[in-house]
Amino acid sequence: MQTDTELISRIISGDLYAFRLLVRQHERLVSAMVGRIVQETTEAEDVCQNVFIRIHQKLHTFRGQSKLSTWIARIAYSTAINHVKSTAGRKALSEDLFEAESYFVADEDPEAALIKKDTAAYVQRMIAKLPRAYRTVLTLYHISELSCREIEEITGMPEGTVKNYLFRARKLLKDKLKHYDR
Amino acid sequence: MKKWNGTEEELQRLIEQELKGTPVKGYTITGEDAALYRTLFKAMADPRVITSFAIEETVIHTIAKKQDNWDRFYIILLGTIYCGIALLTGIVALMIVNASLIEQLITILEDHKLIIISFLLLILCNRVFDHFFVKKLA
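Note that the structure is predicted; figures quoted are calculated from it, not measured. (Residues numbered from 1 in each chain as written. Chains lettered and ligands numbered in written order. Predicted model: local features only at pLDDT ≥ 70, side-chain atom pairs only at ≥ 80, totals over all residues. Heavy atoms only, no water.)

> With reference to specific residues and values, describe the overall build of chain B.
Broken down by element type, chain B carries 5 helices and 2 strands. Written out in order from the N terminus, the α and β elements of chain B read β-α-β-α-α-α-α. For chain B, the share of sequence-separated contacts (at least 6 apart) that also reach a separation of at least 24 residues comes to 43%. (Helix = DSSP H or I, 4+ residues; strand = E, 2+ residues; numbered from the N terminus. Contact = heavy atoms within 4.5 Å.)

Written out as structure tokens, the structure reads:
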């Protein structure tokens, strides 16, 4: 098993096979993160490709001050956010987090009712309805298994805010799950 | 064993610890909220529902293509530099041997400047057409 440093130096020297390994190792992290920020599947796929192309271009600037996965997640986050800004405008990014509860007020459509059969799918669907900041924090914490400190590094949100969003998002989902079987 | 009784924030943290295999000793965490958090945390980490795009091949193909383009550009650039140096060396050599030859050459170029410019423009147009249309169709 080679270290990140060895892998990076191979990629910088032009080894495409080494880059393929890097893509394989971080595909899940990037896909999960971009998929949560850019929710339209085809757009998210394109953004994921752009993320890896940017990583390839900028890899020589990686100084090893953070973990490679954190650095990659930071690029994925900024690329996805920039994509949303350019397509939907800044308004889309300024969702009112304090009105997050209203995301769950509306009656569910038949598809949602069908999805209820599978708890995991149901939870993912509920996550998709959360404000973007909540979705991002949840994804990084639960799927990418990053710490609040690393999430702060990636998103630029203060650690306290990250913890607060995490708590609120999980509480909202728990409350929603309460009605899941009823 | 005591029954745990604390804030909801703490409850989230303790359930997380429990699921990671390091439960809080001396306490039993029961109740509806605890059960719901257990279900929620397990569901969030369920690998079946995590989106994963199969982009490996596309990314590698795009990068390989970019590298090829860069290599081609580098070769063209080097070729142009070598031709320029050769031309410059030729002119200097001519000037050393016979300076009047240069004047004759300049006169010929001036007399046929329209033909020369048209020829250069034709090459340029060909390159642009090739880049934007022919390669894209291929």
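From this point, the narrative continues.
> Tell me about the overall build of chain A, and name the residues and values.
Looking only at helices and strands, chain A has 9 helices and 0 strands in total. Counting from the amino terminus, chain A carries its helices and strands in the arrangement α-α-α-α-α-α-α-α-α. Out of the 182 residues in chain A, the part that is buried amounts to 51%. With an accessible surface of roughly 9,000 Å², chain A has 50% of that area assigned to carbon and sulfur atoms. (Buried < 20%, exposed > 50% of the residue type's maximum accessible area, 1.4 Å probe, protein only. Areas by Shrake-Rupley, 256 points an atom, 1.4 Å probe, with all protein chains shown as cover.)

> Can you explain the nonpolar core? Please cite residues and give values.
In terms of nonpolar packing, the biggest core is built from 74 residues, with Phe-19, Leu-22, Val-34, Phe-52 and Ile-55 of chain A touching the most fellow members. Residue contacts for Val-34 of chain A: discarding those within four places in its chain leaves Ala-44, Val-47, Cys-48, Val-51, Ala-76 and Ala-80 of chain A. (Core = buried A, V, L, I, M, F, W, Y, C linked by side-chain atoms within 4.5 Å.)

> Explain the pattern of salt bridges to me, using residue names and the numbers behind them.
A full pass over the atoms with the stated rule returns 18 salt bridges over all chains. In this structure, Arg-10 of chain A engages Asp-15 of chain A in a salt bridge whose closest nitrogen and oxygen atoms are separated by 2.9 Å. Residue Arg-10 of chain A is classed as partly exposed on the basis of its relative accessible area of 27%. We classify Asp-15 of chain A as partly exposed; its relative accessible area is 24%. A single network of salt bridges, built from pairs that share partners, joins Lys-171, Lys-174, Asp-175 and Lys-178 of chain A together with Glu-8 and Asp-33 of chain B. (Salt bridge = Lys/Arg side-chain N within 4 Å of Asp/Glu carboxyl O.)

> I'd like a rundown of the packing of helix H7 (residues 132-143) of chain A against helix H8 (residues 148-155) of chain A, residues and numbers included.
All names here are of chain A. Put simply, H7 and H8 touch, their axes get as near as 10 Å, and they point 130° apart. By the angle class used here, H7 and H8 are oblique. Seen along the crossing, H7 lies across H8 with a hand that is right-handed. Here Thr-136, Val-137, Leu-140 and Tyr-141 of H7 lie close against H8, whose contacting residues are Cys-148, Ile-151, Ile-154 and Thr-155. Class assignment for the residues of the contact of H7 with H8 results in 6 nonpolar, 2 polar and no charged. (Axes fitted to C-alpha atoms, helices over the stretch in contact; angles between N-to-C directions. Parallel < 35°, antiparallel > 145°, perpendicular 65-115°, else oblique. Left-handed = near helix turned anticlockwise from the far one by under 90°. Nonpolar A, V, L, I, M, F, W, Y, C, P; charged D, E, K, R; others polar.)

> Can you tell me about the interface of chain A and chain B, naming the residues and giving the values?
By convention, interface size is frequently given as the accessible area that disappears when the constituent parts associate. Contacts between the two partners involve 38 residues from chain A, matched on the other side by 34 residues from chain B. Carbon and sulfur atoms supply 66% of the area that chain A and chain B bury against each other, a total of about 3,400 Å² over both sides. By the criterion of area lost to chain B, the three top residues of chain A are Arg-20, Arg-170 and Lys-174 of chain A, representing 17% of everything that side buries. The tally of links between chain A and chain B comes to 7 salt bridges. The salt bridge involving Arg-20 of chain A is made with Glu-56 of chain B; its shortest N-O contact spans 2.9 Å. For the pair chain A and chain B, the number of links is 12 residue pairs in polar contact (both at pLDDT 80 or more). Secondary-structure elements contributing two or more residues to the side of chain A that touches chain B are helix H2 (16-37), helix H3 (41-58), helix H6 (119-128), H7 and helix H9 (159-178) of chain A. (Buried area = accessible area lost by both parts, 1.4 Å probe. Polar contact = N/O pair within 3.5 Å; in protein donor to acceptor, adjacent residues only side chain to side chain.)

> Please set out the environment of Thr-22 of chain B residue by residue, giving values where relevant.
The topology assignment puts Thr-22 of chain B in the loop between helix H1 (8-19) and strand E2 (27-28). For Thr-22 of chain B and Asp-33 of chain B, which are 11 residues apart along the polypeptide, the C-alpha to C-alpha distance reads 19 Å.

> Describe a nonpolar patch on the surface, listing the residues and the values that go with them.
On the surface, Trp-70, Phe-73, Tyr-74, Leu-77, Leu-78, Ile-81, Tyr-82 and Ile-85 of chain B cluster together to form a nonpolar patch covering roughly 850 Å² of accessible area. With respect to the helices and strands, Ile-85 of chain B occurs in helix H3 (residues 56-97). (Patch = residues over 30% accessible without salt bridge, like charges linked within 9 Å, V, L, I, M, F, W, Y side chains within 5 Å.)

> Lay out H6 of chain A in plain terms, naming residues and giving numbers.
The buried fraction of H6 of chain A is high, at 7 of 10 residues. When we look at burial in H6 of chain A, the residues that qualify are Ala-120, Tyr-122, Val-123, Gln-124, Arg-125, Met-126 and Ile-127 of chain A.

> So what's going on with helix H2 (residues 32-44) of chain B? Residues and values would help.
For H2 of chain B, spanning 13 residues, the distance from its first C-alpha to its last is 18 Å, which sits close to the expected 18 Å at 1.5 Å a residue. For H2 of chain B, the full list of buried residues reads Ala-34, Leu-36, Tyr-37, Arg-38, Leu-40, Phe-41, Ala-43 and Met-44 of chain B. (Expected span 1.5 Å × (residues − 1).)

> Talk me through the packing of H2 of chain A against H3 of chain B; I want residue IDs and the actual numbers.
Packing of H2 of chain A against H3 of chain B brings their axes to within 10 Å, and their N-to-C directions diverge by 145°. Where H2 of chain A crosses over H3 of chain B, the two elements pack in a sense that is right-handed. For the pair H2 of chain A and H3 of chain B, the contacting residues are Leu-16, Phe-19, Arg-20, Val-23, Arg-24 and Glu-27 of chain A in the first and Glu-56, Glu-57, Val-59, Ile-60, Ile-63, Ala-64 and Gln-67 of chain B in the second.

> Pulling in residues and values, what's your account of the confidence of the model for chain B?
Any region with low pLDDT has predicted coordinates that should not be read closely. Residues and elements named next belong to chain B. Taken as a whole, chain B shows an average pLDDT of 83; of its residues, 88% reach a score of 70 or greater. When mean pLDDT is taken per element in chain B, H3 scores highest with 88 and strand E1 (residues 2-3) scores lowest with 64. Across the whole predicted complex the pTM is 0.70, and at the interface the ipTM reaches 0.72. (pLDDT = per-residue confidence, 0-100.)

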